[in-house]
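Analysis of the macromolecular model
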Amino acid sequence: MNIMILGSGGREHAFAYKIKQSTLCKNLYVAPGNSGTSEIATNLEIQVNQFELIADAIQKYIISMVIVGPEVPLVNGLNDYIKSHKKLSNVIVIGPNQHASQLEGSKDFAKDFLNRHNIPTAAHKTFTAQTIDDAFLYIDSMPAPYVLKADGLAAGKGVLIIDDPNEAKNELNEMLTKSKFGDAGNSVVIEEFLDGIELSCFALTDGKDYKLLPSAKDYKRIGEGDTGLNTGGMGAVSPPTFLTQDFFNKIEKKVIKPTIDGLKNDNIDYQGFLFFGLIKVKEEPYVIEYNVRMGDPESEVVLPRIKSDFLELLLSVSNGELSNHQVEIDSQQAATVFLVSGGYPEKYEKGKEIFGLDIKSDSILFHAGAKSENGKIKTNGGRVIAITSMADSVKDALEKSYETIKSIKFEKMNYRKDIGFDL
Ligand code: AMP
Ligand code: GLY
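Position numbers for residues count from 1 along each chain, tracking the sequence in the order it is written. Starting at A for chains and at 1 for ligands, labels are handed out in the order in which the entities are written. Residue-level local features of this predicted model are given only where pLDDT is at least 70; pairs of side-chain atoms are given and counted only at 80 or more, and the full residue set underlies all totals for whole chains, interfaces and linings. Side-chain measures here rest on the full set of heavy atoms in the structure, leaving out hydrogens and waters.

Notes on the sheet that holds strand 1 (residues 2-7)
- If you trace the five strands from one edge of the open sheet to the other, you get 3-2-1-4-5, paired in parallel fashion. A single partner strand is all that each edge strand has here, and the edge strands are strand 3 (42-43) and strand 5 (92-94).
- Two strands are counted as paired when DSSP detects at least two bridges linking them. Each helix is a run of H or I in the DSSP string that is no shorter than four residues. Each strand is a run of E no shorter than two, and both are numbered from the N terminus. Examined bridge by bridge, strand 2 (residues 28-32) and strand 3 share two bridges and lie parallel to one another. By the bridge assignment for strand 3, Val30 is matched with Asn43.
- Two residues form a contact once any of their heavy atoms are found within 4.5 Å. Axis geometry follows a simple rule: fit a line to the C-alpha atoms, using only the stretch in contact for helices, then measure angles between N-to-C directions, giving values from 0 to 180 degrees. Those strands touched by helix 1 (residues 10-20) are strand 1, strand 2 and strand 4 (63-68), and its axis lies near 165° from that of strand 1.

In structure tokens form, the structure reads like this:
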């Protein structure tokens, strides 16, 4: 069968790498893709929000399955668009419909869902410009720090954590009355601050059953020791080595299973990945957020650990036969380190030639903000290449990635030298 992956990051290269291993895959397309996906698939010059062009390509290339990498097209209704298109109604879409995608697209929707199904999460209230005075009283009633979340998608920038109550009120005012995050901030969730260690868990579901995928931890801050600005992710490990079987069982019982049951009870149709952004406080898991897709850079460590035929697994999601499948997971552990452009996540330059990518090592190089140009591979974004390695332990996997990195260079290349430092 012919498959199309939507997106252009390391996550989508990791999807392509995995799908390509399946004998069921005939032709693989990635839209728009990057220099890495172009080596193993055909890139199409289509952006993830160009629904009509996506529909045209599905027909032209006789695509049977569309795997949606990022959240934005899902929240904008790509699944519904394809399903309601009279020539595409048989196309399999991995990624939920617009209603279900609100689990990621609206923090308020997600909090309501969590509370309705008694799934542990931080206490919260949601406010709009009309109720800003109540919001100020709510801030006064709670201890610092204050967690403010724009309700809608804000490209990962919509969460503020502020120590000073007056500054929190100022920021809230900016969001609610001055459109600091555009329409995404028309409603703001204010929630209790939770202090603990974060981890990412993943499930694949057909809406009836679910399969657990490997868990991971990502490193979001630009600076060593988890300092400085937030980024899209500077590295990740799988498994998070502090995750014991007991604690994982607790996560499944208190979070994952009630989420799948909740979707069924609420008649929310869901086929695709569910990403549980969790925080471990004392010995209890709390949901920080849901995402309706795989994580990035988590995919770069999670997908290489899946030994089962990944495409077969995705097919079983579409025909409701997921329960008949096992997900075989490699006992090897994985780590990835992102090479980023100097200056990222603030201003940075693009178009720098990347040297050393032909290095012989057993690391896997997942391209992200990188493109091919006249036979050269050049930087094309903030996060450029994720260097993934597998070994008997996360520590050894990290060592392998750092060894591989020694051979790769581009002007102003930056990366964190301490991924896994806290494990
Ligand atoms: P989110 O976009 O909801 O994932 O939030 C972004 C980041 O903010 C998370 O990865 C956490 O590090 C942090 N965060 C969000 N909510 C809370 C909370 N209630 N308590 C502590 N940290 C939080
Ligand atoms: N790594 C976090 C995310 O993909 O949202």
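Considering the site of ligand 1
- One heavy atom within 4 Å of a molecule or strand is enough for the residue carrying it to be called near that molecule or strand. With respect to spatial proximity, 14 residues lie near ligand 1, and among them Glu191, Glu192, Leu194, Glu198 and Glu289 are the closest.
- Two N or O atoms form a polar contact when they lie within 3.5 Å of each other; inside protein one atom must be a possible hydrogen donor and the other a possible acceptor, and for residues adjacent in sequence the pair counts only when both atoms belong to side chains. Contact distances for ligand 1 include 3.0 Å between an oxygen atom and a side-chain N or O atom of Lys220.
- Considering ligand 1 on its own, with 470 Å² of exposed area, one finds that the protein chains cover 86% of that surface.
- For the shell around ligand 1, the secondary-structure elements that each account for two or more residues are strand 7 (146-150), strand 8 (159-162) and strand 16 (284-291). Using the Shrake-Rupley algorithm and a 1.4 Å probe, accessible areas are obtained, with residue cover drawn only from the displayed protein chains.

A closer look at the site of ligand 2
- Asp218, Phe275, Asn291, Arg293, Gly295, Asp296, Pro297 and Glu298 make up every residue found near ligand 2.
- Between ligand 2 and Asp218 there is a distance of 2.8 Å, counted from a nitrogen atom to a side-chain nitrogen or oxygen.
- Arg293 places a side-chain nitrogen or oxygen 2.8 Å from an oxygen atom of ligand 2.
- Summarising the interface, the protein chains cover 86% of the accessible area of ligand 2, which totals 200 Å² for the free molecule.
- Classification used: nonpolar for Ala, Val, Leu, Ile, Met, Phe, Trp, Tyr, Cys and Pro, charged for Asp, Glu, Lys and Arg, polar for all others including Gly. A per-class count over the shell around ligand 2 returns two nonpolar, two polar and four charged.

Points about the nonpolar core
- Nine residue types can take part in a nonpolar core, namely buried Ala, Val, Leu, Ile, Met, Phe, Trp, Tyr and Cys, and a core is a set of them joined through side-chain atoms within 4.5 Å. When a residue's accessible area, from a 1.4 Å probe over protein chains only, is under 20% of the maximum for its type it is buried; when over 50% it is exposed; and in between it is partly exposed. Ranked by size, the top nonpolar core spans 67 residues in total, and within it Ile19, Ile67, Leu213, Phe273, Phe310, Leu314 and Ile354 carry the most contacts.
- Listed in part, the 49 residues of the second largest apolar core include Leu199, Phe242, Ile256 and Tyr290.

Side note on the pattern of salt bridges
- Salt-bridge detection follows one rule: a side-chain nitrogen of Lys or Arg within 4 Å of a carboxyl oxygen of Asp or Glu. Summed over the entire model, instances satisfying the criterion amount to 31 salt bridges.
- A salt bridge links Lys220 to Asp218; the nearest nitrogen and oxygen atoms lie 3.8 Å apart.
- When its relative accessible area of 33% is taken as the criterion, Lys220 is described as partly exposed.
- Residue Asp218 is classed as buried on the basis of its relative accessible area, which comes to 12%.
- Between Arg383 and Asp296 there is a salt bridge, with its nearest N and O atoms 3.7 Å apart. Of the two residues, Arg383 is situated in strand 21 (residues 383-391) and Asp296 in the loop between strand 16 and helix 11 (299-302); the sequence distance between them amounts to 87 residues.
- Exposure remark for Arg383: the relative accessible area of 17% places this residue in the buried category.
- Of the residues examined, Asp296 reaches a relative accessible area of 13% and is grouped as buried.
- One continuous salt-bridge network, built from bridges that share partners, spans Glu349, Lys352, Glu411 and Lys412.

Topic: the environment of Ile46
- Along the polypeptide, Ile46 turns up in the loop between strand 3 and helix 3 (51-60).
- Judged by relative accessible area, which is 9%, Ile46 ranks as buried.
- Here the alpha-carbon distance between Ile46 and Ala57, two residues eleven residues apart in the chain, equals 8.9 Å.
- With residues up to four places along the chain from it excluded, the contact list for Ile46 reads Ala31, Pro32, Leu53, Ile54 and Ala57.

Points about unusual backbone geometry
- Pro145 follows Ala144 through a cis peptide bond whose omega is -10°.
- Within the fold, Pro145 resides in the loop between helix 8 (132-141) and strand 7.
- Here the amide bond leading from Asp296 into Pro297 is cis, since omega sits at 20°, within 30 degrees of zero.
- Take Pro297: it is sitting in the loop between strand 16 and helix 11.
- Residues other than glycine seldom take positive phi values, yet Ile62 does so here, at roughly 50°.
- Relative to the assigned elements, Ile62 resides in the loop between helix 3 and strand 4.
- Ile62 gets classed as exposed once you look at its relative accessible area, which sits at 64%.

Details of the pairing of strand 16
- In terms of strand pairing, strand 15 (residues 272-281) meets strand 16 through seven bridges, oriented antiparallel. Note on strand 16: the bridge partner recorded for Phe276 is Tyr290.

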